[in-house]
Amino acid sequence: MNFKNYIISFVIILCYYSQLNAQSYVLIEQDDLPAKIIEKAANIIPTERQLRWQELEVTGFFHFGINTFTDREWGDGKEDPSLFNPEALDAVQWVKAAKDGGIKQVIITAKHHDGFCLWPSKYTKHSVASSPWKQGKGDIVREVANACRKLGVGFGIYLSPWDRHESTYGTVAYNDFFVNQLTELLTQYGVVDEVWFDGANGEGPNGKKQVYDFERWYALIRKLQPRAVIAVMGPDVRWVGTETGYGRETEWSVVPADNLDQSAVSDNSQQDLAFKPSGDMRGDDLGGREKIYKAKGLVWYPAETDVSIRPGWFYHTKEDDQVKTPEKLLDIYFNSVGKNGVLLLNIPPDKRGRIHESDVQYLREWKKNIDNIFETNLLEKAEISAANVTGLPRLVDNNKETYWTPTDTDSETELLFTLDEAITFNVLSVQEFIKKGQRIEQFVLEYKEGDSWKEVARGTTVGYKRLLKFDTVRADNIRLRITSSRLNPMISHIGLYKQ
Ligand code: FUL
């Protein structure tokens, strides 16, 4: 082997190993200096299932159940199943309404806190099987799963750990009951893409609270549905901390994890479960330098931003005139997906078992608005330059598998866009190549007026996607400066658009 080939093989092997070593979590050693911690943070990457989920951008919730018929948000578990009768139920209409709104995956509330099951569970009578709907022969979970498969939309389940009906709740036996129900849902309906656990933990019918056996549930999900992300009270996806649809200005997907399971970290077969989420994930900045310097470990734990299209999670006729408008939904899109989150938008079916007409229409208009804005990247025709020019056009090629990065590890970098003809824009979109980590800490967008550069907008974190809206600008010389980053930034997309 000549020297050149030797070097090439060496680099290939090195890349292979660095790829293998990149993980979705890392332990911080006591003697790690700040620079080492930054390097570790910059190299944490999402798991395959987290990446797939992040790229969905917009997902949906269907809150439906006995509450739909009692006009309540939280049932007490004493509701009579005979109230449940969605006579015109059409799950294909639900999933189609979601899909027409750009939603790529939906989650059905198989059981909410009231304990009423939307599938005929063998383990309780408190379910659709005791209702008049389809003479007790129906199964809503199946109808939704089938509709998802038919329309190519992802399928997820919400199973409330808090059960206000089940008599064993508050005892050890409840954990078996819950595992049995979870097993039914994970084995009878094909592929499950997301399992959503709520944090609510109130009293059951006997006045006792339950100690949830999360670890057993996680292991069961990994075994039966390895592709599913486990959300909120789970290790893959974190609740953003509000139910407004508005995420944080500074949203790190890499956050401190002080309870990494040491033995699982070093056991390959257990690595999937090394991270046990705990503690409150609220606050303005969860993963900034000050936070990670004090951490014992770091983990990729991205944010999900949930909100309902109506004031309530369940359908109420009195809220028919309070459906969020396409304009409001667009603002939410900018502040959730555009702030490094996945939007989880709830669309509650009504008593007929259909998504209300106004929700359907608003969803469609919302999607049309988003498509219009992002149809043409005005930078496509720009000449791009930077300190290092290798691979620059990849910034505007609309290909999520390509990215640009400066060759040195300079944390500051500047990209210049020169156009033959001035462009008019008011929206910026930036995306990092998160397959290799999240790094950007601060950036500024500027344009040239005469001899001076004027600021248009600035931001902190980027992550999967950062969207900024600002007053309309017309310019032919534009630059994006990354003013702070953990190691070298890796940018997969930059776009300017006109709303
Ligand atoms: C909350 C629940 O209590 C609400 O009813 C709803 O399901 C929401 C998504 O999560 O914690």
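Source: prediction; values computed, not measured.

About the cut-offs
- Residues numbered from 1 in each chain as written.
- Predicted model: local features only at pLDDT ≥ 70, side-chain atom pairs only at ≥ 80, totals over all residues.
- Heavy atoms only, no water.
- Phe/Tyr/Trp six-rings, centres within 6.5 Å; stacked < 30°, edge-to-face > 60°.
- Helix = DSSP H or I, 4+ residues; strand = E, 2+ residues; numbered from the N terminus.
- Buried < 20%, exposed > 50% of the residue type's maximum accessible area, 1.4 Å probe, protein only.
- Contact = heavy atoms within 4.5 Å.
- Near = heavy atom within 4 Å.
- Polar contact = N/O pair within 3.5 Å; in protein donor to acceptor, adjacent residues only side chain to side chain.
- Areas by Shrake-Rupley, 256 points an atom, 1.4 Å probe, with all protein chains shown as cover.
- Nonpolar A, V, L, I, M, F, W, Y, C, P; charged D, E, K, R; others polar.
- Pairing = 2+ DSSP bridges.
- Axes fitted to C-alpha atoms, helices over the stretch in contact; angles between N-to-C directions.
- Core = buried A, V, L, I, M, F, W, Y, C linked by side-chain atoms within 4.5 Å.
- Domains from an automatic or database assignment.
- Buried area = accessible area lost by both parts, 1.4 Å probe.
- Salt bridge = Lys/Arg side-chain N within 4 Å of Asp/Glu carboxyl O.
- Patch = residues over 30% accessible without salt bridge, like charges linked within 9 Å, V, L, I, M, F, W, Y side chains within 5 Å.
- Lys, Arg positive; Asp, Glu negative; His and termini not counted.
- Charge placed at Lys NZ, Arg CZ, Asp CG, Glu CD.

Examining the packing of aromatic side chains
1) Next: Summed over all chains, the structure comprises 31 aromatic pairs.
2) Next: When the ring of Phe 84 is compared with that of Trp 133, the centres are 6.3 Å apart and the planes differ by 90 degrees; the resulting orientation is edge-to-face. Of this pair, Phe 84 sits in the loop between α4 (66–70) and α5 (91–100) while Trp 133 sits in the loop between β3 (105–111) and α6 (140–151), and the two are 49 residues apart along the sequence. Here Phe 84 and Trp 133 have matching classes, each one buried.
3) Next: An angle of 75 degrees between the planes, with centres 4.9 Å apart, marks the rings of Phe 275 and Tyr 301 as edge-to-face. In this pair, Phe 275 sits in the loop between α9 (262–265) and α10 (289–293) while Tyr 301 sits in the loop between β9 (297–300) and β10 (303–308), placing the two residues 26 residues apart along the sequence.
4) Next: A residue is classified by how much of its surface remains accessible, and Phe 275, at 6% relative accessible area, is buried.

Details of the environment of Pro 161
1) Next: Structurally, Pro 161 can be placed in the loop between β4 (154–159) and α7 (172–187).
2) Next: The spatial distance from the C-alpha of Pro 161 to the C-alpha of Asn 175 is 9.2 Å, given a sequence separation of 14 residues.
3) Next: The contact partners of Pro 161, leaving out residues within four places of it in the chain, are Tyr 169, Tyr 174, Phe 178, Phe 197, Asp 198, Tyr 212 and Trp 217.

Some points on the site of the ligand
1) Next: Around the ligand, the surrounding shell consists of Phe 61, His 63, Trp 74, His 112, His 113, Tyr 158, Trp 196, Asp 198, Glu 243 and Trp 313.
2) Next: Within the side chain of His 63, a nitrogen or oxygen atom sits 2.7 Å from an oxygen atom of the ligand.
3) Next: Here an oxygen atom of the ligand and a side-chain polar atom of His 113 are 2.9 Å apart.
4) Next: When the ligand is considered free in solution it has 290 Å² of accessible area, and contact with the protein chains removes 89% of it.
5) Next: The residue makeup of the shell around the ligand, split by class, is five nonpolar, three polar and two charged.

Here's the deal with the sheet that holds strand β1 (residues 25–27)
1) Next: Across the sheet, three strands lie side by side as β1-β9-β8; this open sheet has antiparallel pairing. Single-partner strands in this sheet number two, and they are β1 and β8 (254–256). The mean angle between the axes of side-by-side strands here comes to 20 degrees, regardless of whether they run parallel or antiparallel.
2) Next: Sheet analysis places β8 next to β9, joined by three bridges and oriented antiparallel. Residue Pro 256 lies in a different strand from β9, and its bridge partner there is Leu 298.

Some words on the sheet that holds β4
1) Next: Strand order in the open sheet made by the eight strands is β6-β5-β4-β3-β2-β11-β10-β7, with parallel pairing throughout. Edge positions in the open sheet fall to β6 (229–232) and β7 (238–239), since each of these has one partner strand only.
2) Next: Of the strand pairs in this sheet, strand β2 (residues 58–62) and β3 are connected by three bridges, and their pairing is parallel. In the sheet register, Phe 61 faces β3, and the bridge partner there is Ile 107.

Section: the nonpolar core
1) Next: Among the nonpolar cores identified, the biggest contains 77 residues, and Phe 62, Phe 84, Ile 140, Val 144, Phe 155, Leu 182 and Trp 366 are the most heavily contacted of them.
2) Next: Three or more residues apiece are contributed to this core by two domains, here domain 1 (6–373) and domain 2 (383–497).

Side note on the domain arrangement of the protein
1) Next: Partitioning the protein into structural domains gives domain 1 (6–373) and domain 2 (383–497).
2) Next: If you average the C-alpha positions of domain 1 and of domain 2, the two centres end up 32 Å apart.
3) Next: The interface of domain 1 with domain 2 comprises 32 residues on the first partner and 24 residues on the second.
4) Next: A combined buried area of about 2400 Å² lies between domain 1 and domain 2, and 56% of that area is made up of carbon and sulfur atoms.
5) Next: Where domain 1 touches domain 2, the interface holds four salt bridges.
6) Next: Between Glu 57 and Lys 465 there is a salt bridge, and its shortest N-O distance comes to 2.9 Å.
7) Next: Inspection of the domain 1/domain 2 interface yields 17 residue pairs in polar contact (both at pLDDT 80 or more).
8) Next: Of all elements in the fold, only α2 (34–42), α3 (48–54), α10 and α11 (326–336) reach the threshold of two or more residues within the side of domain 1 that touches domain 2.
9) Next: No other element matches the four residues that α2 contributes to the side of domain 1 that touches domain 2.
10) Next: Taken together, the residues that form the side of domain 1 that touches domain 2 break down as 15 nonpolar, nine polar and eight charged.

Regarding the pattern of salt bridges
1) Next: As enumerated under the stated definition, the model contains 35 salt bridges in all.
2) Next: A single network of salt bridges, built from pairs that share partners, joins Glu 55, Lys 400, Glu 401 and Lys 435.

Topic: a negative patch on the surface
1) Next: Together, Glu 383, Asp 420, Glu 421 and Asp 476 line one region of the surface with negative charge.
2) Next: Topologically, Glu 383 is positioned in strand β12 (residues 383–386).
3) Next: Given the relative accessible area of 59%, Glu 383 is considered exposed.

What about the side chain of His 493?
1) Next: Note that His 493 resides in strand β17 (residues 491–497).
2) Next: Classification of His 493 by relative accessible area gives buried; the value is 6%.
3) Next: Within the local environment of His 493, its side chain forms a polar contact with the side chain of Tyr 497, the two groups lying 3.0 Å apart.
4) Next: The contacts of His 493, once residues within four sequence positions are left out, are Asn 377, Leu 395, Asn 398, Ser 429, Val 430 and Gln 431.

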